[in-house]
Amino acid sequence: MSMTGLAQWLESPQGRYVMAWEQACCDRLVADIFGYNAVLVGGVDVDLLRQNRMPFRFRCAEGGTVAVMAEALALPFASASVDLVVLPHVLEFSPNPHRVLREVERVLVPEGSVIVLGFNPLSSWGLRRLAGRGKGPFPWSGRYLSVGRLKDWLALLGFEAGETEFGCHVPPVQQQKWLDRWCPLDRAARRWWPFLGGVYALQGIKRVAGMRLILPAWRDRRAEAKALSPLAQRRGKTAQRNKEMNHG
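Residues numbered from 1 in each chain as written. Predicted model: local features only at pLDDT ≥ 70, side-chain atom pairs only at ≥ 80, totals over all residues. Heavy atoms only, no water.

1. Quick look at the pairing of strand β1 (residues 37–41)
Most of β1 sits inside the fold, with 4 of its 5 residues counted as buried. With 5 bridges connecting them, β1 and strand β2 (residues 56–61) associate as parallel partners. Paired with valine 39 across the bridge in β2 is phenylalanine 58. In this structure, β1 lies alongside strand β4 (residues 82–88), joined through 3 bridges in parallel fashion. Looking at the pairing, leucine 40 lines up with valine 86 of β4. (Buried < 20%, exposed > 50% of the residue type's maximum accessible area, 1.4 Å probe, protein only. Helix = DSSP H or I, 4+ residues; strand = E, 2+ residues; numbered from the N terminus. Pairing = 2+ DSSP bridges.)

2. Thoughts on the side chain of asparagine 52
Checked against the element boundaries, asparagine 52 lands in the loop between β1 and β2. Of note is the side chain of asparagine 52, whose polar atom sits 2.8 Å from the backbone oxygen of valine 30. Contacts of asparagine 52, omitting those with residues within four sequence positions, involve Val30, Ile33, Ala38, Arg57 and Leu84. (Polar contact = N/O pair within 3.5 Å; in protein donor to acceptor, adjacent residues only side chain to side chain. Contact = heavy atoms within 4.5 Å.)

3. Considerations on the sheet that holds β4
In spatial order, the strands read β3-β2-β1-β4-β5-β7-β6; together these 7 strands make up an open sheet with mixed pairing. With partners counted over all chains shown, the strands left at the sheet margins are β3 (68–69) and β6 (159–167), one partner each.

4. Observations regarding a nonpolar patch on the surface
A cluster of nonpolar side chains, namely Trp178, Trp182, Leu185, Trp192, Trp193, Phe195 and Leu196, defines an oily patch on the protein surface of about 740 Å² accessible area. By the element assignment, tryptophan 182 lies in the loop between α6 (176–181) and α7 (183–192). (Patch = residues over 30% accessible without salt bridge, like charges linked within 9 Å, V, L, I, M, F, W, Y side chains within 5 Å. Areas by Shrake-Rupley, 256 points an atom, 1.4 Å probe, with all protein chains shown as cover. Salt bridge = Lys/Arg side-chain N within 4 Å of Asp/Glu carboxyl O.)

5. Quick notes on the pattern of salt bridges
Scanning all chains against the criterion turns up 8 salt bridges. As a salt-bridge pair, aspartate 45 and arginine 59 come within 3.6 Å of each other at their nearest N and O atoms. Residue aspartate 45 is found in the loop between β1 and β2, and its partner arginine 59 is found in strand β2; the two are separated by 14 residues along the sequence. Look at aspartate 45 and you get exposed, because its relative accessible area is 59%. Residue classification places arginine 59 among the buried positions, given a relative accessible area of 12%. Residues joined in a network through salt bridges with shared partners are Glu111, Glu160 and Arg207.

6. Here's the deal with the state of the cysteines
Scanning the entire structure with this criterion turns up 0 disulfides. A disulfide-free cysteine, cysteine 26 has its sulfur positioned 5.8 Å from the sulfur of cysteine 25, the nearest such atom. When its relative accessible area of 0% is taken as the criterion, cysteine 26 is described as buried. (Disulfide = S-S within 2.5 Å.)

7. A short note on unusual backbone geometry
The linkage connecting phenylalanine 138 with the following residue, proline 139, adopts the cis geometry, with an omega of 10°. Mapped onto the elements, proline 139 comes out in the loop between α4 (124–131) and α5 (147–156). Of note, the phi angle at alanine 80 is positive, near 55°, even though the residue is not glycine. By secondary structure assignment, the location of alanine 80 is in the loop between β3 and β4. With phi around 60°, histidine 89 is a residue other than glycine that occupies positive phi space. Residue placement: histidine 89 occurs in the loop between β4 and α3 (97–107).

Shown next, in the form of structure tokens:
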């Protein structure tokens, strides 16, 4: 699995079609995620964080013009230091997607978010990959992950699934004229068969179970007395005085 050819694919009509949908989708998803640090991980040289309002937004990849040069398998960030991670087509082209997700879980703060962009194996794009037996140039050389499987992996790491969106319902044609001719199908499929889109965006939210303080079952007589009604309190005081007078 390799992302070789990604830059060339992004310049093709097919690549521009996919990235246009992913850009618009990320613009919606990241706009209302707050915090201090947001990182885009991977080789996709597109500003998918442009609508986010965190003060520190940067890109981390193995090469290119990036703020941090590193592999997704070993993110050079402190634990619980990042509020948002965006993974555009990282998992399906990684030799160990489980480890990538574990790294993301490690660096995210509690209630932090990860947004995963991936190719949908249950679509015409997935069928095209199967026809080529997972070989060929980008994007057909990846190991596509279904939304259901990805949700299971995230749940095992303590994530709660957030929003999920599907897009790019046009078959994986390469020429612009065919993309244009299939546009009516794209609009209809988004309404009637959204889960058959060629790509998806899935948000995961890191949940951390809260602690509950268990106190000893001590009895506080003063607290019990305050809980009594005024009449009961007066009767109790009268009985206590009578008891002291009898002993005196």
